[in-house]
Amino acid sequence: MMDKCGKVQQKVSCVFETEILNEPSNKRQFQGYKVVASDVLKNTALLSDVTRSIATEKLDGTCVFIAEFKGRPWLWARLDRKPNKAGDKRFKQYRSSLQKWEQSSQDLPKPSLEWDMEKDFKQVPEHWIPASDVPIVNGHPQPDQNGHTPGWVPVEKTSRQYCWHASAVDLDRSLGLFMGQGEVVSGAHHLQIRVLPLQSVLGHTAELIGTHINANAYNIGSKRDPLHFLVIHGSITLSEPPEVSLPAIQTWFSTEQGLVEGIVWHCSDGKLFKIHRHHLNLPWPLKDVTPVLTRKKVEILLDNFDSESEDDVNPVFLKLKKHSNRTCDSVVDLAQLLEKGENKNE
């Protein structure tokens, strides 16, 4: 299934044409506008045959990339190169001029912006690389329509900034702690936790979710036992996805199955399209109800993880290894399991 799914190297486009409302955003604090979906499917989505695509759950986390660094499989964190103060000022002036032009009779030439790649952007770390689909002009990675250049930076084992990224991997052994979709049991997919070689998922992107990522929408781990997992993009499929139409999706989001952050459609040509609850002016994180991911049973399957030599092994891996072959009712129960330190199969 993973090989049929695309990789998140760029910002994923909404499956519908969008509109800008001059109202405060529910998604981003201090953003004075909302991006909402219209009922018109994007032509690019239709050309990619989105109605025959693989519908997957959009998870609330941070994007990561598994690729080689200095000849070894490694975890890379998302880091977009952004304009500096002067560049941001120029960009805002351009966006303002463009908006006025779009609202006018358009008799005058359309406003344009030429970036000064040397002066308009913040510096990036030494080993930063642009995302794979970023166009390169005269040796310079080009920013997208939002003025950002998507890219990646290798996670350093001792970095405080990326300490929660590092908690989901053992870079010395090129291993990662992954959560994925298991077999259907009693009509529902279980989740499975495994330690896998990073080599086996080289080139894939994933979502890092857990205790200290965003608002921890899935209530994973605790302050005492923080837990973070890598979920390969496209690996959590929807068993009964809605029809790709605005009314059908609006209805679906109000059902038990629709208690998710959003949907990502993986098309056969590799293109991705999404819809977020905020595109429909729906709240996220959820209040008073439990997300679908949190309702699933989770199996701990770490038998293949060789921990004979425990020196410098990621301690989270060792804690979970003690409970291998155990099934919890929910990811929420993992913290309690680790806290009690029990080692009994249910």
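Nothing here was measured: the structure is a model prediction, and the numbers come from that model.

Glancing now at the overall build of the protein chain. When helices and strands are tallied, the protein chain shows seven helices and 19 strands. Relative to the compact-globule value of 20 Å for 346 residues, the protein chain shows a C-alpha radius of gyration of 22 Å, a close match. Overall, the protein chain is about 75 × 45 × 35 Å in size when its C-alpha atoms are taken along their principal axes. Looking at the protein chain as a whole, 49% of its 346 residues qualify as buried. Summed over all atoms, the accessible surface of the protein chain reaches about 18600 Å², with 47% contributed by carbon and sulfur. For the protein chain, the distance from the average position of its 42 positive side-chain charges to the average position of its 44 negative side-chain charges is 5 Å.

All right, on to the environment of Thr158 then. Mapped onto the secondary structure, Thr158 falls in the loop between strand E10 (151–154) and helix H3 (163–166). Considered as a pair, Thr158 and Gln181 are 23 residues apart in the sequence and their alpha carbons are 31 Å apart.

Moving on to the nonpolar core. Among the nonpolar cores identified, the biggest contains 55 residues, and Ile193, Phe229, Ile275 and Leu320 are the most heavily contacted of them. Membership of the second largest hydrophobic core comes to 32 residues, among which are Trp76, Val155, Ala206 and Val264.

Below, the discussion takes up the packing of aromatic side chains. If you walk through the whole model with that rule in mind, you get nine aromatic pairs. Judged by centre distance (6.2 Å) and plane angle (55°), the ring pair of Tyr218 and Trp284 falls under tilted. Pair noted here: Tyr218 is in the loop between strand E14 (205–210) and strand E15 (228–232) and Trp284 is in the loop between strand E17 (272–276) and helix H5 (292–295), with a separation of 66 residues, a long-range link. Centre to centre, the rings of Trp252 and Phe253 are 5.5 Å apart; their planes meet at 55°, and the pair counts as tilted. Grouping aromatic residues by their ring pairs yields a cluster made of Phe91, Tyr94, Trp115 and Phe121.

Regarding helix H7 (residues 333–340), the residues found buried are Leu334, Ala335, Leu337 and Leu338. The arc that holds the buried residues of H7, viewed along the axis, is 160°, so those residues lie on one side. Looking at the packing, one finds that the buried side of H7 touches strand E13 (188–197), E15, strand E18 (298–300), helix H6 (315–321) and strand E19 (326–328).

Counting buried positions along E15 gives five out of five residues, so the element sits mostly inside the fold. Side chains of E15 alternate between two faces, with His228, Leu230 and Ile232 and Phe229 and Val231 buried alike. The pairing of E14 with E15 spans five bridges and is antiparallel. Each bridged residue has a counterpart across the sheet, and for Ile209 the counterpart in E15 is Phe229.

What counts, and where the lines are drawn
- Residues numbered from 1 in each chain as written.
- Predicted model: local features only at pLDDT ≥ 70, side-chain atom pairs only at ≥ 80, totals over all residues.
- Heavy atoms only, no water.
- Helix = DSSP H or I, 4+ residues; strand = E, 2+ residues; numbered from the N terminus.
- Rg over C-alpha atoms; globule rule 2.2 N^0.38 Å.
- Buried < 20%, exposed > 50% of the residue type's maximum accessible area, 1.4 Å probe, protein only.
- Areas by Shrake-Rupley, 256 points an atom, 1.4 Å probe, with all protein chains shown as cover.
- Lys, Arg positive; Asp, Glu negative; His and termini not counted.
- Charge placed at Lys NZ, Arg CZ, Asp CG, Glu CD.
- Core = buried A, V, L, I, M, F, W, Y, C linked by side-chain atoms within 4.5 Å.
- Phe/Tyr/Trp six-rings, centres within 6.5 Å; stacked < 30°, edge-to-face > 60°.
- Arc of directions from axis to C-beta.
- Contact = heavy atoms within 4.5 Å.
- Pairing = 2+ DSSP bridges.

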